[in-house]
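# Analysis of the macromolecular model
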Amino acid sequence: MKFASAVLATAALTLSACSQPDSATSDTIQSEQRVVNVFSARHYRSDEHVYAAFTAATGIDVNLIGANGDQLIERVRADGERSPADVIITVDAARLHRAEEAGLFARTDFSQLAANVDDHLIDPDGYWVGFTMRARVIAYSADRVAEGDITTYEQLADPRWAGRVCIRESGNAYNQSLMATMVAKSGEEAAEAWAAGIVANMARPPQGGDRDQLRGIAAGICDVAVVNHYYYAMLANSGQEADQDAAAASVLLFPNQDDSGAHVNISGVGIAANAPHSAEARELVAFLLSADAQRLFAEMTHEVPVIDGVEWDNAVLEAMLPFREDQRNVSELGDHNATAQRIFDRVGWQ
Ligand code: FE
């Protein structure tokens, strides 16, 4: 037995050293130790805790391969039937849609894996499911903007905000999905007029991540910004004083609470079409949708649980809830992604 575990240890080392398990290595490990290969575009500390809890609960090791969403999709596609990917995780519904169109997912009955995920967070074709929800919301300056001055996404295009809006680049998936929602909601023409209005209102050329938009408000560069809700919470809960000050300079506003609701996106997961360990993949997906994992996402990444009845402790997130969310199925974000990108190009949104 000593010899067997030494072989296993060597195999595991090889696996993590090249982080590209070939099928021979995977088979060796499978015979000794159950494993699931996770291709993930998420970069959050909560996930390490979730995977550790999963391994502790099931005995299944998680082999994590990280990259951005487009790289993950391209890699699984290029590897074809030889792909070691068991599950694919992205931070945006449009990327899941893209992976689905590339034929990378196996159809799965997610209702068997989790009882009560809201329908609009599940792909109607059964290829992927959202396991955390995030709202893309408006932040406004606590000093320079009064409560009620802005309450909807549509108002971001109003000339009153000329030179006062911070928002990141159009290549960003979160912005593409927000634009896709505007297309779904109002049609391409109205969405384009809206986008042109925002470009005209930008305080500076798009740059940085969502946290940098909040820092822009704190620095007096802009008065309103568009950010995912959890970036505000990350700054507010950061140990750094500068981050806490940046959060304190803004008020977070969940838009369109009187009509369509705040635009929500998901981190989602699908089981790979050629998964070498599909049983383990199903167990991992079920675990991501369990109360244990949902609690960790809510507490560590400030994401909104997708199942009911999860208990968690996070004052900053709790202060944001509840809010009215757009009930449109998130698969529509993928349906309108190409249109969204065309709009960005036409209005010159960098
Ligand atoms: Fe993010």
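Residues numbered from 1 in each chain as written. Predicted model: local features only at pLDDT ≥ 70, side-chain atom pairs only at ≥ 80, totals over all residues. Heavy atoms only, no water.

The subject of this paragraph is the overall build of the protein chain. When its secondary structure is counted, the protein chain shows 15 helices and eight strands. Since a compact globule built from 350 residues should have a radius of gyration of about 20 Å, the 21 Å found for the protein chain is in line with a globular shape. Taking the principal axes of the C-alpha coordinates as reference, the protein chain spans close to 70 × 40 × 35 Å. Counting all 350 residues of the protein chain, 54% fall into the buried class. (Helix = DSSP H or I, 4+ residues; strand = E, 2+ residues; numbered from the N terminus. Rg over C-alpha atoms; globule rule 2.2 N^0.38 Å. Buried < 20%, exposed > 50% of the residue type's maximum accessible area, 1.4 Å probe, protein only.)

One can read the domain layout of the protein chain as domain 1 (26–133 + 265–319) and domain 2 (134–262 + 332–347). For domain 1 versus domain 2, the separation of C-alpha centres amounts to 27 Å. In this complex, domain 1 contributes 22 residues to the contact, which on the side of domain 2 involves 19 residues. Each partner contributes to the roughly 1500 Å² buried at the junction of domain 1 and domain 2, and carbon and sulfur atoms together form 55% of this total. In terms of surface lost to domain 2, no three residues of domain 1 exceed Asn-265, His-302 and Val-316, which account for 33% of the buried area on that side. Taking the shortest distance from any N to any O, the salt bridge between Glu-303 and Arg-134 comes out at 2.9 Å. (Domains from an automatic or database assignment. Contact = heavy atoms within 4.5 Å. Buried area = accessible area lost by both parts, 1.4 Å probe. Salt bridge = Lys/Arg side-chain N within 4 Å of Asp/Glu carboxyl O.)

Take unusual backbone geometry next. The linkage connecting Leu-321 with the following residue, Pro-322, adopts the cis geometry, with an omega of -5 degrees. The residue Pro-322 is located in the loop between helix H13 (315–320) and helix H14 (331–335) in this model. The backbone of Asn-256 shows a phi angle near 55 degrees, a positive value even though the residue is not glycine. Assignment of secondary structure puts Asn-256 in the loop between strand S7 (250–253) and strand S8 (263–271). Classification of Asn-256 by relative accessible area gives buried; the value is 2%. Within the chain, His-302 stands out as a residue other than glycine whose phi angle is a positive 60 degrees. In this structure, His-302 sits in the loop between helix H12 (291–301) and H13. A relative accessible area of 4% means that His-302 is categorised as buried.

Attention now moves to the coordination of the iron ion. Around the iron ion, the protein supplies Tyr-44 (OH), Tyr-174 (OH), Tyr-230 (OH) and Tyr-231 (OH) as donor atoms, at distances of 2.0 to 2.4 Å. The buried category is assigned to Tyr-230, whose relative accessible area is 0%. (Donors = N, O, S within 2.8 Å, 3.2 Å for Na, K, Ca; no water.)

Before going further, it helps to examine the side chain of Ser-177. Tracing the backbone through its elements, the reader meets Ser-177 in helix H6 (residues 173–186). Not counting chain neighbours up to four residues away, the residues in contact with Ser-177 comprise Asp-92, Ala-94, His-263, Asn-265 and Leu-333.

With that settled, consider the packing of aromatic side chains. What characterises a pair of aromatic rings is the spacing of the ring centres plus the angle enclosed by the ring planes. Across all of its chains, the model carries six aromatic pairs by this definition. Residues Phe-54 and Phe-287 carry aromatic rings whose centres are separated by 5.6 Å and whose planes lie at 55 degrees to one another, so their mutual orientation is tilted. Taken together, the residues Phe-54 in helix H3 (residues 45–58) and Phe-287 in helix H11 (residues 278–288) connect sequence positions 233 residues apart. When the ring of Phe-344 is compared with that of Trp-349, the centres are 4.8 Å apart and the planes differ by 80 degrees; the resulting orientation is edge-to-face. (Phe/Tyr/Trp six-rings, centres within 6.5 Å; stacked < 30°, edge-to-face > 60°.)

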